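Here are the chains, one letter per residue:
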Amino acid sequence: MVQKGLKYTETHEWVNIRGNIAIVGITDYAQKQLGDIVFVDLPEEGDEVTKGDSMASVEAVKAVADVNAPLNGIIVGVNEKLEDAPDLINSSPYDEAWIAKIKISDSNEIDDLMDAEEYEAFIGE
Amino acid sequence: MRPTPFYEIHKQKNAKIDSFAGFLMPIQYPTGIIREHRQVRDSVGMFDLSHMGEIIVRGEKRLDFVYNLITNDASKLAVGQTLYTPMCYPDGGIVDDLLVYRMKDYFYLVVNASNIEKDFLWMKENQIEKMSLENASYDTALIAVQGPKAEEVVQKLTTLDLAKIGYYHFAFGQIAGVDVIISRTGYTGEDGFEIYFTNVDKAEEIWNLVESAGRKFDIIPIGLGARDTLRLEMKYPLYGNDIDKTTNPLEAGLRFFVKLDKDNFIGKSALVKVHQEKISRKLVAFEMLDKAVPRQHYEIYADDKKIGEVCSGTMSPSLNIGIGTGYVPREYMKTGTEIYIKVRNKMKRAIIIKPPFYKQGSVKR
């Protein structure tokens, strides 16, 4: 399932742009590929993140996946609920399981992200 | 890539199928690894293990051959009994770990899928007069039924009295008119059976019969993912992760399966030397104290230096903590020793424990 109205990366993050804040999580497609999520290594508020570099990681039983920053910016919020309930990523990837909020450094970078239709085509759905 | 006789069933069940040791195997089903794992611990699950290799040793001198081939003592086996054993190179490195079944007229050797061809060649190289070898690996189907309810499920399928088959024992029987070996063995830490048969045309029928027999306990198929988490919670070694040709069975914690007082076996003199000089490192079991999941090849640290690498690691679905194994120098091998695992450039605390990780298994010893 791909949610309309969000932006997407080729590394399967979704991005919800709210003014100069980007809320980031991983897509339903990504959580299905990984299987049961058992642990999330969250970034810290104030961390500077670089577009395309790992800012968090999501651990399934048999695999670990990086969560890459979709844009340059600074972490201004993390979803601490995921520390105790990492499986929210499986059950509610687009809503309850947002991972971090990034204060966007350069809003021009938003144009580099895919929209829902492009992401659907990208994953072949 | 070889499909197993149950490949179509796995596809119908929407399993995630991947190649493993040249076979197309179900890694997990849509139920997910954690649910599959818990099903086996709490009740009963069924596995397609048809990728495992089966090699038959026949002839007058079959016992002499097997005796020399393995580190455990096959001369002590009764007909109808099975043993677990490493098989070593002359330098003590491990060729494979396997099960040896003693039948009336032959030995039946069950080897790892990843080692079938290598093992068969190794056996050929060490073949003696008046015996023969047959590789039956690609004509044999294997279903494992594992969990505390396994006996109740399998009993519905056979007229054999399963209560009379002890741990590491087996009997010949029939399911759906097909000759089967029913063996009380497994790789999960739970009670259970492994069912071997060569009439693979009937494979789907037998699978469906097991599934029907297990309906009362909501039996589900279990993929290789959960098979790995189940075996690791028991610290059962996995060839390629925990043991290989660069490790010997003594440092791998398999001392019990190496009978150094045997007259002869391949690797004996090397292993006697290791035993006399004491092992320099040991495969230990560790639990994470910090919240983190150890993975294969992550580095192990103590006293600010690297002391080893993780061999097997996972999140334990039963204990809900990270668990793992790795070789560490003998000064660090004691239970209670604190070590560090380097996880994405951060040092995470761990402690060496006495295995198994999961101590409530229903396996009947």
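Above this text sits the structure in question.
Since this is a predicted model, take the numbers as computed values, not measurements.

Concerning the overall build of chain A
Okay, step 1: Helix and strand counts for chain A come out as 4 helices and 9 strands.
Okay, step 2: When the elements of chain A are put in sequence order from the N terminus, they spell out β-β-β-α-β-β-β-β-β-α-α-β-α.
Okay, step 3: Across its three principal directions, the C-alpha atoms of chain A cover 35 × 35 × 20 Å.
Okay, step 4: For chain A, the proportion of its 125 residues judged to be buried stands at 51%.
Okay, step 5: Long-range pairs, those at least 24 residues apart, make up 62% of the contacts in chain A between residues at least 6 apart in sequence.
Okay, step 6: Of the roughly 5800 Å² that chain A leaves accessible, carbon and sulfur atoms contribute 42%.
Okay, step 7: Side-chain charges in chain A split into 9 positive and 27 negative, and the spacing between the mean points of these groups amounts to 5 Å.

Things to note about the pairing of strand E11 (residues 170-175) of chain B
All names here are of chain B.
Okay, step 1: Here E11 runs beside strand E12 (residues 178-183); their pairing, made up of 6 bridges, is antiparallel. By the bridge assignment, Ala171 is partnered in E12 with Ile182.
Okay, step 2: Counted between consecutive antiparallel strands, the loop separating E11 from E12 contains 2 residues, among which Ala176 sits at a positive phi close to 55 degrees.

Remarks on the interface of chain B and chain A
It is common to give the size of an interface as the accessible area lost on bringing the parts into contact.
Okay, step 1: The interface is formed by 18 residues belonging to chain B together with 17 residues belonging to chain A.
Okay, step 2: Taking both sides of the interface into account, the surface hidden between chain B and chain A amounts to around 1400 Å²; carbon and sulfur atoms contribute 46%.
Okay, step 3: Sorting the residues of chain B by area buried against chain A places Lys291, Arg295 and Arg344 of chain B first, and these three jointly supply 40% of that buried surface.
Okay, step 4: At the boundary of chain B with chain A, the tally comes to 4 salt bridges.
Okay, step 5: Across the pair Glu59 of chain A and Arg344 of chain B runs a salt bridge whose closest N-O atoms are separated by 3.2 Å.
Okay, step 6: Run the count over chain B and chain A and you get 13 residue pairs in polar contact (both at pLDDT 80 or more).

What to know about the sheet that holds strand E20 (residues 346-353) of chain B
All names here are of chain B.
Okay, step 1: Strand order in the closed barrel made by the 6 strands is E15-E18-E17-E16-E19-E20, with antiparallel pairing throughout. Here the strands of the sheet are splayed against their neighbours by 45 degrees on average, with no regard to which way each runs.
Okay, step 2: Strand direction decides the pairing type here: strand E19 (residues 338-343) and E20, joined by 6 bridges, are antiparallel. Along E20, the bridge assignment pairs Lys342 with Met347.
Okay, step 3: In the packing of helix H7 (residues 224-233) onto the sheet, the strands contacted are strand E17 (305-315) and strand E18 (322-329), and the crossing angle to E17 comes to about 125 degrees.

Let's talk about the pattern of salt bridges
Okay, step 1: In this structure the tally under the stated criterion is 30 salt bridges over all chains.
Okay, step 2: Measuring nitrogen to oxygen at the nearest pair gives 2.5 Å for the salt bridge that ties Glu59 of chain A to Arg295 of chain B. Here Glu59 of chain A is found in strand E6 (residues 54-60), whereas its partner Arg295 of chain B is found in the loop between strand E15 (281-288) and strand E16 (299-302) on a different chain.
Okay, step 3: Overall, Glu59 of chain A belongs to the buried group, its relative accessible area being 0%.
Okay, step 4: According to the relative accessible area criterion, Arg295 of chain B is buried, its value standing at 9%.
Okay, step 5: What you see here is one network of salt bridges that share partners, running through Asp41 and Glu59 of chain A together with Arg295 and Arg344 of chain B.

A closer look at the state of the cysteines
Residue and element names in this part refer to chain B.
Okay, step 1: Going through the model one piece at a time under the given rule, you end up with 0 disulfides over all chains.
Okay, step 2: Not part of a disulfide, Cys88 finds its nearest cysteine sulfur in Cys311, a span of 16 Å.
Okay, step 3: Judged by its relative accessible area of 0%, Cys88 falls in the buried class.
Okay, step 4: With a relative accessible area of 10%, Cys311 lands in the buried category.

Quick word on the sheet that holds E6 of chain A
All names here are of chain A.
Okay, step 1: One open sheet accounts for 3 strands, arranged E4-E6-E7; its pairing is antiparallel. Looking along the sheet, the strands with just one partner apiece sit at the ends: strand E4 (37-41) and strand E7 (64-68). In this sheet, neighbouring strand axes are inclined to one another by 25 degrees on average, regardless of whether the strands run parallel or antiparallel.
Okay, step 2: Pairing geometry for E4 and E6, over 4 bridges, is antiparallel. Residue pairing across strands places Val40 opposite Val58, the latter belonging to E6.

Structural notes on the packing of aromatic side chains
Aromatic ring pairs are described here by two measures, namely the spacing of the ring centres and the angle between the planes.
Okay, step 1: The full count for this structure, using the stated rule, is 15 aromatic pairs over all chains.
Okay, step 2: Here the aromatic rings of Tyr89 of chain B and Trp122 of chain B are separated by 4.9 Å at their centres, their planes lie at 65 degrees, and the arrangement is edge-to-face. In this pair, Tyr89 of chain B sits in the loop between strand E6 (82-88) and strand E7 (94-102) while Trp122 of chain B sits in helix H4 (residues 116-125), placing the two residues 33 residues apart along the sequence.
Okay, step 3: The interplanar angle of 80 degrees and the centroid separation of 4.8 Å between the aromatic rings of Tyr167 of chain B and Tyr168 of chain B together place this pair among those described as edge-to-face.
Okay, step 4: Exposure remark for Tyr167 of chain B: the relative accessible area of 22% places this residue in the partly exposed category.
Okay, step 5: An aromatic cluster of three or more residues is present, and its members are Tyr101, Tyr108, Phe170, Phe172 and Tyr196 of chain B.
Okay, step 6: Directly above the ring of Trp98 of chain A sits Lys101 of chain A, whose terminal nitrogen or CZ lies 4.8 Å from the centroid.
Okay, step 7: Directly above the ring of Tyr138 of chain B sits Arg2 of chain B, whose terminal nitrogen or CZ lies 3.6 Å from the centroid.

A few points about the environment of Met114 of chain A
Residues and elements named next belong to chain A.
Okay, step 1: With respect to the secondary-structure elements, Met114 resides in the loop between strand E9 (100-104) and helix H4 (116-123).
Okay, step 2: C-alpha separation for the pair Met114 and Val15, spaced 99 residues apart in sequence, amounts to 9.6 Å.
Okay, step 3: With sequence-adjacent residues up to four places away left out, Met114 is seen in contact with Leu6, Lys7, Tyr8, Thr9, Glu10, Tyr119 and Phe122.

Here we look at the environment of Glu152 of chain B
Residue and element names in this part refer to chain B.
Okay, step 1: Within the secondary structure, Glu152 is located in helix H5 (residues 150-155).
Okay, step 2: Separated by 11 residues in the primary sequence, Glu152 and Ala163 have C-alpha atoms spaced 9.7 Å apart.
Okay, step 3: Reaching out from Glu152, the side chain makes a polar contact with the side chain of Lys216 at a distance of 3.0 Å.

A look at the nonpolar core
All names here are of chain B.
Okay, step 1: Membership of the largest hydrophobic core comes to 44 residues, with the highest contact counts inside it found for Tyr101, Tyr108 and Tyr196.
Okay, step 2: Viewed by domain, this core spans two of them, domain 1 (2-50 + 140-232) and domain 2 (51-136 + 248-277), each represented by three or more residues.
Okay, step 3: Setting aside residues no more than four positions away along its own chain, Tyr101 makes contact with Gln81, Thr82, Tyr106, Phe107, Tyr108, Val110, Phe170, Ser183, Thr185, Glu194 and Tyr196.
Okay, step 4: Among the nonpolar cores identified, the runner-up in size contains 30 residues, and Val44, Val145, Phe193 and Trp207 belong to it.

Conventions used here
- Residues numbered from 1 in each chain as written.
- Chains lettered and ligands numbered in written order.
- Predicted model: local features only at pLDDT ≥ 70, side-chain atom pairs only at ≥ 80, totals over all residues.
- Heavy atoms only, no water.
- Helix = DSSP H or I, 4+ residues; strand = E, 2+ residues; numbered from the N terminus.
- Buried < 20%, exposed > 50% of the residue type's maximum accessible area, 1.4 Å probe, protein only.
- Contact = heavy atoms within 4.5 Å.
- Areas by Shrake-Rupley, 256 points an atom, 1.4 Å probe, with all protein chains shown as cover.
- Lys, Arg positive; Asp, Glu negative; His and termini not counted.
- Charge placed at Lys NZ, Arg CZ, Asp CG, Glu CD.
- Pairing = 2+ DSSP bridges.
- Buried area = accessible area lost by both parts, 1.4 Å probe.
- Salt bridge = Lys/Arg side-chain N within 4 Å of Asp/Glu carboxyl O.
- Polar contact = N/O pair within 3.5 Å; in protein donor to acceptor, adjacent residues only side chain to side chain.
- Axes fitted to C-alpha atoms, helices over the stretch in contact; angles between N-to-C directions.
- Disulfide = S-S within 2.5 Å.
- Phe/Tyr/Trp six-rings, centres within 6.5 Å; stacked < 30°, edge-to-face > 60°.
- Lys NZ or Arg CZ within 6 Å of the ring centre and 35° of its normal.
- Core = buried A, V, L, I, M, F, W, Y, C linked by side-chain atoms within 4.5 Å.
- Domains from an automatic or database assignment.

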